Every structure is written in structure tokens, then in C-alpha cells.
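Below, each chain spelled out in residue letters.
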Amino acid sequence: MPETPSLFNEMFDANRGVRAHYAAFAEWLAETPPARIAQNRQAADLLFHRVGITFAVYGEDSGTERLIPFDIVPHVIPGAQWDRLAAGLRQRVHALNRFLHDIYHGQEIVQEGIIPGEAVNRNAQFRREMIGVDVPGGVYAHVAGVDIVRHNDGEYYVLEDNLRTPSGVSYMLENRKMMMRLFPELFAAQRIRPVDHYPDLLLETLREVAQHSSENPTIVLLTPGHYNSAYFEHAFLAQQMGIELVEGQDLFVLNNTVFMRTTQGPQKVDVIYRRIDDDFLDPLAFRPDSMLGVPGLLAAYRAGRVTLANAIGTGVADDKSMYPFVPDMIRFYLGEEPLLRNVPTYVLAKEDDCAYVLAHLSELVVKEAQGSGGYGMLVGPTATRDERERYRQRILDAPERFIAQPTLSLSCVPTFVGQDLGDRHIDLRPYVLSGTNVNFVPGGLTRVALREGSLVVNSSQGGGVKDTWVVD
């Protein structure tokens, strides 16, 4: 497993010595017969297939869904390191929620000249319907997925914030269940912090934000339906929390109150954990052609009769053009220095930034400001000359739609490729829950780029997943 000197390897130090937090796993790997490892890898694939853990991969000829590749080599993080990360996550999400409240109320951060007004008010994700609407506890992003990478300097950087309908948590839970089932001796040999209580934390968070204090609020999970790429997760989480999984047609609004159709008659709904984008939530307020939403839902929400998690309009805070301002948000709202670093970012709406990026396309990663899932981005160092020139034209046509960043040397973890181990790039998505308090389980979803040299870890782009261990 040759290592590129410039890459940070999570398992090995610069001299190929095993790092202390990987010692127990490395010892197990050396002592376990390859036949048993191969057998359990096959068992994992079979179990994932039986459970139905699939993800849509758009653009592949082989079909719309496939099994998410699962690798048995974990991403291990020392407990003290995670605790520092956790403090930074708590700080960052707190500031983002303060920002969302501000832009839909006084817009003080705009008045102070810290963020340009047009960056907020002309943002496609800014929802004027939310101006002046008070949400319970001032919490807009109840569930946030923060993508973190480790650079070759050994430091963690936030790559992006996901505040609309972040996905992937079911894979985090199933990865752990799989590892505990197949390799129980690994968990007996060391203290690995648990993650299986995430559904309980999520349910507690949703109960905390019910609009009217009720001992037992009715909570539902709203899904676009089984054709959605993350439908497995929607069904999984509803089952784990013991709440109803509903589609738009299962709900209706009467007198600004949301009801669920049941065999016993209509039942009032207090909280909707929605996994549908803003545009499709209410055909009376947003896209009139939407068959996925609930007519009148926005009116019920504005009247304070139902809580939506996440709130309408959170997308303006996770738009990539807003990302460069998050450290300023932390300083402005909290009066603190950011504990987690941003990646240096060029905003192509700025003339100087745009000129620099166009002159250095072969060195940079360029992303659509409102893109997601790894789609629509240019990885300059690995792109062909033709690809760069086509992208150059897209930038020239609408520079305000793009940002650019240096190509980070994402850290690596040994990963099974066929029968052998090879270093592959990873990132980490912890899930931050905000209600009365901020909670999360240790670690998160580790995604791995399975193609050699690739930096694109998204499952929708062919990436795989690993279990994430926070060890004490």
C-alpha cells in the first residue's frame, strides 16, 4: 500500500507505523485469516442487499439503484479529537440557526455590511414567505449534516453545511450494526462510543420543537415516496422512531391545522419531519404542479399550528455561496472565533476571484453554488482540457452561480479493493440535532471514494461507506 507523501493517512503515520487509536484494529487484521475476512465481506454485501440498503446512481446504464459498497476497515477517531470536533460543530450550527432567524427578521448581519444584501435576498433558496415567521426556539435547522475533511496538514476543515434535508444517517446506523454483528470481538477489545441511540435523540429533538406543549405530540415523517433515492432511509427512521411514514396524500389541512388520515378518522399532526424540498411542499404556495406536498401546509405553518423540521427556507444558509461567510456569522452572532476552519473559497461573483479562477482552472475544484450530491462540479487537476474549456464557458455565462476552492488532499483510510488493501480518500458527515439543546452521536457517516485517486465520495457518484469509530 504505497502512500503518497503529501496525504494524511488516518491509520498510519509518516513512517508507516500504526497510529495508537488504530492499534487494536491493526492487530486484529494481522491475526485474522484472510478467508474469514473475505467470508464476512461477502456476508456484509448479502445482508445489505437483504435489508434493501440501496442508493440511486444517476447516469449509470446499469439501472437507477445499486447496493452501496460497504468497507469493513473503519474510520477511527480518538475520543479527545472528536470532543474538539463536537465543540466546533455545536458552535457552527448554533451560528447558522441564528443567521437563519436574522435574515427572516431584522437582517442585522446585512445592515452591518458583513454579508451583501443581494447574496441573501436574491438567493434562490431565500423564501420571502418566511419573513417575520417565528419558529419554536428559533431553531430552523433541526437536523444538520456537516461535511468535514482532513487535509494533509492533519487539520480538519468544513467542506460544506447541509441544512435542507441531509441524508445518510441510516447508513451510519446500519454500518455499525453490520460491524457489531460480523466482528463482535473488535468491540469487546476496546471502548467504541455507541451510535444506536440516534433515533431516540432525533425523536426527542422533534418532540421538543412541537408548537404547542403536548405530552405526546403526533410526529410524522413526510416522504416523496418509494421512487426517491433515500426512501430506504425515510422508512428506516420512521420505523426506528415509532412514527408514521406518510406521503402528501395522507395529510390534509383544515382551518390552518394539519391532519393525518387514519382508519380511526383524522388525527391532528404537531410535527412533520419532512424529507421533501421546499418547492414541492405546498402546491398552493410553491410549485403548483407538485403532487408530493400538502395544499395549505404553508398557511398552517405560518399560523403556528405545525412545526416543520427542517424549517422552510433553510437552504439559503447551506448554499455554497453563503459558505465563505460562516466564520463571520460565528463572530457576529456568538462573539467567538470559529473552532472549525473553512476551506479557502473564491466567490466567482467577485470580479477578481473570477479572473483568478479562470486563470487557474487546472488547479482548483469549481462547484455550482446550489449544486449537491457531487453533481455539476469540476475537479480541475483530473479534468481533461476539453472538460475545463466547457466549464470555463459555463462560468463566463453566469459567474455568480459558482464558487471555487483549492484541491484538498483528503485524508486516506486503507480500503479493500478486490482482495487487497489500498488507500482511498474519505470525508465525514456528523449529524447535529438542534432542539432545546444540541445533540449528536459520536462520529457520523464516513464516505469513501472507491476509485483510485478520486476525491468524489458521494454515494450518488459511486462512493462507498465505512463505519466510524470514536474510541476512548
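Owing to the predicted nature of the structure, the values given are computational and were not obtained by experimental measurement.

**Here we look at the overall build of the chain**
Regarding its fold elements, the chain presents 14 helices and 23 strands. For 472 residues, the compact-globule formula gives about 23 Å, and the C-alpha radius of gyration of the chain, at 22 Å, lands near that figure. Projected onto its principal axes, the C-alpha coordinates of the chain cover approximately 65 × 60 × 45 Å. With 472 residues in all, the chain has 57% of them scored as buried.

**A few points about helix α6 (residues 169-182)**
The end-to-end C-alpha distance of α6, which contains 14 residues, comes to 20 Å, matching closely the 20 Å that a straight helix rising 1.5 Å per residue would cover. In terms of residue burial, α6 counts as a mostly covered element, since 11 of its 14 residues are buried.

**Considering the confidence of the model for the chain**
Residues of the chain with pLDDT of at least 70 account for 93%, and the chain-wide mean is 90. With pLDDT under 50 throughout, residues 1-5 is counted as low confidence; its partners more than four residues away or in other chains account for 12 contacts. Confidence drops under a pLDDT of 50 for residues 57-63, and excluding neighbours within four residues, the segment shows nine contacts in the predicted structure.

**Looking at the packing of helix α8 (residues 198-208) against helix α9 (residues 231-241)**
Axis separation between α8 and α9 bottoms out at 9 Å; the angle between their running directions is 80°. Of the possible angle classes, the one that applies to α8 and α9 is roughly perpendicular. Of the residues in α9, those touching α8 at Tyr 198, Pro 199, Leu 202, Leu 203 and Leu 206 are Leu 237, Gln 240 and Met 241. Split by residue class, the contact of α8 with α9 holds seven nonpolar, one polar and no charged.

**Points about the pattern of salt bridges**
For the structure on display, the rule yields 24 salt bridges. Residue Glu 174 is joined to Lys 177 by a salt bridge in which the shortest nitrogen-to-oxygen separation is 3.5 Å. Taken together, the residues Glu 174 and Lys 177, both in helix α6 and three residues apart, mark about one turn of the helix. Salt-bridge contacts for Arg 275 lead to Glu 233; the nearest nitrogen and oxygen are separated by 2.8 Å. Residue Arg 275 is found in the loop between β11 (271-274) and α10 (297-302), and its partner Glu 233 is found in helix α9; the two are separated by 42 residues along the sequence. The exposure classification of Arg 275 matches that of Glu 233, with both residues buried.

**A short note on the packing of aromatic side chains**
Inspection of every chain in the model, using the stated rule, returns 15 aromatic pairs. Ring centres of Phe 332 and Tyr 333 lie 5.0 Å apart, and the angle between their planes is 80°; this geometry places the pair in the edge-to-face category. Among the aromatic residues, ring-to-ring pairing joins Phe 25, Trp 28, Phe 183, Phe 187 and Trp 469 into one connected group. Over the ring of Tyr 391 we find Arg 394; its NZ or CZ atom is 4.9 Å from the centre of that ring.

**Some remarks on helix α2 (residues 34-51)**
Look at α2: 26 Å from first C-alpha to last across 18 residues, which is about the 26 Å you get at 1.5 Å a residue. Of all the positions in α2, only Ile 37, Asn 40, Ala 44, Leu 47 and Phe 48 are classed as buried. Down the axis of α2, the smallest arc covering the buried residues is 100°, so these residues share one side. Exposed side chains of α2 directed beyond 90 degrees from the buried face belong to Ala 35, Gln 39, Gln 42, His 49 and Arg 50.

**Focus: the sheet that holds strand β12 (residues 307-309)**
What the four strands build is an open sheet, ordered β7-β6-β11-β12; its pairing is parallel. Since the sheet does not close on itself, it has two edges, and those belong to β7 (244-246) and β12, each with one partner. Sheet twist, expressed as the mean angle between neighbouring strand axes with direction ignored, is 30°. Note that strand β6 (residues 219-222) and β7 share three bridges and pair parallel. Paired with Leu 222 across the bridge in β7 is Val 246.

**Concerning the environment of His 234**
Along the chain, His 234 turns up in helix α9. Judged by relative accessible area, His 234 falls into the buried class, the value being 1%. A C-alpha to C-alpha distance of 28 Å links His 234 and Gly 88, two positions 146 residues apart in sequence. What His 234 contacts, discounting residues up to four positions off in sequence, is Leu 221, Thr 223, Pro 224, Asn 228, Leu 245 and Arg 275. Reaching out from His 234, the side chain makes a polar contact with the side chain of Thr 223 at a distance of 2.8 Å.

**Remarks on unusual backbone geometry**
For the bond from Ala 309 to Asn 310, the omega torsion is 0°, close enough to zero to count as cis. Along the polypeptide, Asn 310 turns up in the loop between β12 and α11 (315-318). Of note, the phi angle at Asn 255 is positive, near 55°, even though the residue is not glycine. Mapped onto the fold, Asn 255 is located in the loop between β8 (251-254) and β9 (257-260). With phi around 60°, Asn 256 is a residue other than glycine that occupies positive phi space.

**Some words on the pairing of strand β15 (residues 364-368)**
For a regular strand, the rule is simple: side chains alternate between the two faces of the sheet. Counting buried positions along β15 yields five of five residues, so the element is predominantly enclosed. A two-sided burial pattern is seen for β15, the buried positions comprising Leu 364, Val 366 and Glu 368 on one face and Val 365 and Lys 367 on the other. Across two bridges, the pairing between β15 and strand β16 (residues 378-379) is antiparallel. Of the residues in β16, the one forming a bridge with Val 366 is Leu 378.

The rules behind these values
Residue positions are given per chain, counting from 1 as you read along its sequence in written order. Only residues with pLDDT of 70 or above have their local features reported here, since the model is predicted, and side-chain atom pairs are shown and tallied only from 80 upward, although totals for entire chains, interfaces and linings are computed over all residues. Note that the side-chain values use all heavy atoms of the structure and ignore hydrogens as well as water. Runs of H or I in DSSP of at least four residues are treated as helices and runs of E of at least two as strands, each being numbered from the N terminus. Just to be clear, the radius of gyration here is over C-alpha atoms, and the globule rule we use is 2.2 Å times residues to the power 0.38. Relative accessibility decides the category of a residue: with a 1.4 Å probe and only protein chains considered, values under 20% of the type maximum give buried, values over 50% give exposed, and everything between is partly exposed. Between the first and last residue of a helix there are one fewer steps than residues, each counted as 1.5 Å, and that sum is the expected span. The score called pLDDT rates the predictor's confidence residue by residue, from a low of 0 to a high of 100. When checking whether two residues touch, look at their non-hydrogen atoms; a contact exists if any pair is within 4.5 Å. Every axis corresponds to a line fitted to the C-alpha atoms, with the helix fit spanning only the stretch in contact, and the corresponding angles, defined between N-to-C directions, vary from 0 to 180 degrees. Each angle receives one of four descriptions, namely roughly parallel if under 35 degrees, roughly antiparallel if over 145, roughly perpendicular if within 65 to 115, and oblique otherwise. Note that Gly is not counted as nonpolar here; it falls among the polar residues with everything else outside the nonpolar set of Ala, Val, Leu, Ile, Met, Phe, Trp, Tyr, Cys and Pro and the charged set of Asp, Glu, Lys and Arg. Basic side-chain nitrogens of Lys or Arg form a salt bridge, by our definition, when they fall within 4 Å of a carboxyl oxygen of Asp or Glu. In this analysis, rings of Phe, Tyr and Trp, with Trp reduced to its six-membered ring, are considered paired at centre separations within 6.5 Å, and the interplanar angle assigns stacked below 30 degrees, edge-to-face beyond 60, and tilted for intermediate values. Ring-over charges, as used throughout, are those where CZ of Arg or NZ of Lys falls within 6 Å of the ring centre and within 35 degrees of the ring normal. When we speak of the arc, we mean the arc of directions from the helix axis to the C-beta atoms. Two strands qualify as a pair provided DSSP detects at least 2 bridges between them. Two N or O atoms form a polar contact when they lie within 3.5 Å of each other; inside protein one atom must be a possible hydrogen donor and the other a possible acceptor, and for residues adjacent in sequence the pair counts only when both atoms belong to side chains.

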